[in-house]
Amino acid sequence: MLVLDTIRKAQEVLGQLKGKETIALVPTMGCLHEGHLELVRLAQKHSQKVVVSIFVNPLQFGANEDFDKYPRTLESDVEKLKSVGVQYLFYPNVHDLYPDGFSNQVQVGELGNRLCGRFRPGHFNGVATVCLKLFEICRADLAVFGEKDFQQLQVIRNLVRDFNLPLSILSCPTIRENDGLAMSSRNRYLSQKERELAGVVPKTLRRLRDELGTYPSATVYDLLATARKSLSGIEVQYAEITEGANLKTAAEEALISDLTSPRFFLAVKIGNTRLIDNMSLKELR
Ligand code: PAF
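Just so it is clear, the model here is predicted, and its values are computed rather than measured.

K.L.:
Is there a simple way to explain a nonpolar patch on the surface in this structure?
P.N.:
A surface patch of nonpolar side chains, amounting to about 290 Å² of accessible area, comprises Met1, Val3, Leu74 and Tyr91. Of note, Leu74 is situated in helix H3 (residues 74-83). Residue class for Leu74 comes out partly exposed when judged on its relative accessible area of 32%.

Dropping the structure here:
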């Protein structure tokens, strides 16, 4: 695996491949787990060369968030990437990506203010800005994102559409632990007791799925009531059902079966750790 630790090196090496071999980019912030490796496997199915980027992007962290303490585990990340046969690691530093005088940012529209955006103002502008830069630097033909961060995925799809970026976006289903907890680099913040408590998140998703199976005529209100009950005692940032690609809040009285792409989204705090999850309510019917 070749490590490209500057933008210039990445542009030189990947620029030479352009037009000869297809390049897939898997953007990450490191602290890699099985979920990331699944993104890599999907990328490998669809392209000849795979670049994984590792960059903890300061632009997407709020002032009181975990930028400084975000886990950085380069050595074990490199081993994992080698074990699945990744050809290139792009590992730039902050000054390279954001030199003095850096001043432009992507402004994500309304979608960026919903769900996580309500609790993390500016977060999606930071994500979209860094992804735009990574797509350009790596000259990617496609990029792969996980459905665990479904709002991020939609933000990126909109970015590609709105700026006519010449790449396709592929998404990979959420990879889960044995009890159903979605894999996330932040799960390592959880103490053993908090990790047990976190099981309420996948349990809530299962309860909604079961309810919809038993009562196909359930409304948005019904499912949200079940979710609230399931999450009692937990600090819930939001539990919402959305409709459509722009993730608009669905009307409470709507029947789930009348919606074309209903999706349940959840953000909770267990101790100081923020966990998010989501699932489609469509293919369950
Ligand atoms: O999902 C992530 O890890 C990050 O938001 C991303 C896409 C790498 C951008 O920094």
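K.L.:
When you look at the side chain of Thr28 in this model, what are you seeing that I'm missing?
P.N.:
Residue position: Thr28 is located in strand E2 (residues 23-28). Here the side chain of Thr28 touches Gly30 through a polar contact of 3.0 Å, landing on its backbone nitrogen. Here the side chain of Thr28 touches Ser53 through a polar contact of 2.8 Å, landing on its backbone oxygen. Excluding residues that lie within four positions of it along the chain, Thr28 makes contacts with His36, Val52, Ser53, Ile54 and Phe55.

K.L.:
Any chance you could explain the packing of helix H9 (residues 200-214) against helix H10 (residues 220-230) here in plain terms?
P.N.:
How two helices pack is summed up by the angle between their axes together with the distance between the axes. One way to put it is that H9 packs onto H10 with a least axis distance of 9 Å and a crossing angle of 150°. In terms of crossing hand, the pair formed by H9 and H10 is right-handed. Across the interface between the two elements, Val200, Thr204, Arg207, Leu208, Glu211 and Leu212 of H9 pack against Asp222, Leu223, Thr226, Ala227 and Ser230 of H10. In terms of residue class, the contact of H9 with H10 is made up of five nonpolar, three polar and three charged.

K.L.:
What is the right way to read the nonpolar core from this model?
P.N.:
Among soluble globular proteins, nonpolar side chains are generally buried collectively. Within the largest apolar cluster, 44 residues are counted, with the highest numbers of intra-cluster contacts made by Leu14, Phe90, Phe135, Ile156 and Ile169. For this core, the secondary-structure elements that each account for two or more residues are helix H1 (7-17), E2, strand E4 (88-90), helix H6 (123-138), strand E5 (142-146), helix H7 (150-162) and strand E9 (263-270). If you tally residues by element for this core, the top one is H6, at nine residues. The residues contacting Phe90, other than those within four sequence positions of it, are Leu4, Thr6, Ile7, Ala10, Val51, Val52, Ser53, Ile54, Leu134, Ile137 and Cys138. Among the nonpolar cores identified, the runner-up in size contains 27 residues, and Val201, Leu224, Ala254 and Ile256 belong to it.

K.L.:
What is the right way to look at the environment of Leu17 in this model?
P.N.:
Mapping Leu17 onto the fold places it in helix H1. Separated by 32 residues in the primary sequence, Leu17 and Lys49 place their C-alpha atoms 8.8 Å from one another. If we ignore the near neighbours within four places in the chain, the residues touching Leu17 are Ile23, Lys49 and Tyr88.

K.L.:
Explain the packing of aromatic side chains to me, please; I cannot follow it from the model alone.
P.N.:
To describe a pair of aromatic rings, one takes the distance between the centres and the angle between the planes. Across all of its chains, the model carries seven aromatic pairs by this definition. Feature note: the residues Phe55, Tyr98 and Phe102 constitute an aromatic cluster, connected by ring pairs. The ring of Tyr189 is capped by Lys69, whose NZ or CZ atom sits 4.3 Å from the centre of that ring. The ring of Phe67 carries the charged tip of Arg72 above its face, separated from the ring centre by 4.9 Å.

K.L.:
Could you clarify how one ought to interpret the sheet that holds E4 in this entry?
P.N.:
Across a sheet, paired strands are connected by hydrogen bonds in the backbone, their directions being either parallel or antiparallel. Read across the open sheet, the six strands follow the order E1-E4-E3-E2-E5-E6; overall the sheet is parallel. Two strands bound the open sheet, and with one partner strand each, they are strand E1 (2-4) and strand E6 (168-172). Averaged over all pairs of adjacent strands, the angle between strand axes in this sheet comes to 25°, irrespective of strand direction. Packing against the sheet, H1 makes contact with E1, E2, strand E3 (49-54) and E4, and its axis sits at approximately 125° to E1.

Rules used in this analysis
- Residues numbered from 1 in each chain as written.
- Predicted model: local features only at pLDDT ≥ 70, side-chain atom pairs only at ≥ 80, totals over all residues.
- Heavy atoms only, no water.
- Patch = residues over 30% accessible without salt bridge, like charges linked within 9 Å, V, L, I, M, F, W, Y side chains within 5 Å.
- Areas by Shrake-Rupley, 256 points an atom, 1.4 Å probe, with all protein chains shown as cover.
- Salt bridge = Lys/Arg side-chain N within 4 Å of Asp/Glu carboxyl O.
- Helix = DSSP H or I, 4+ residues; strand = E, 2+ residues; numbered from the N terminus.
- Buried < 20%, exposed > 50% of the residue type's maximum accessible area, 1.4 Å probe, protein only.
- Polar contact = N/O pair within 3.5 Å; in protein donor to acceptor, adjacent residues only side chain to side chain.
- Contact = heavy atoms within 4.5 Å.
- Axes fitted to C-alpha atoms, helices over the stretch in contact; angles between N-to-C directions.
- Left-handed = near helix turned anticlockwise from the far one by under 90°.
- Nonpolar A, V, L, I, M, F, W, Y, C, P; charged D, E, K, R; others polar.
- Core = buried A, V, L, I, M, F, W, Y, C linked by side-chain atoms within 4.5 Å.
- Phe/Tyr/Trp six-rings, centres within 6.5 Å; stacked < 30°, edge-to-face > 60°.
- Lys NZ or Arg CZ within 6 Å of the ring centre and 35° of its normal.
- Pairing = 2+ DSSP bridges.

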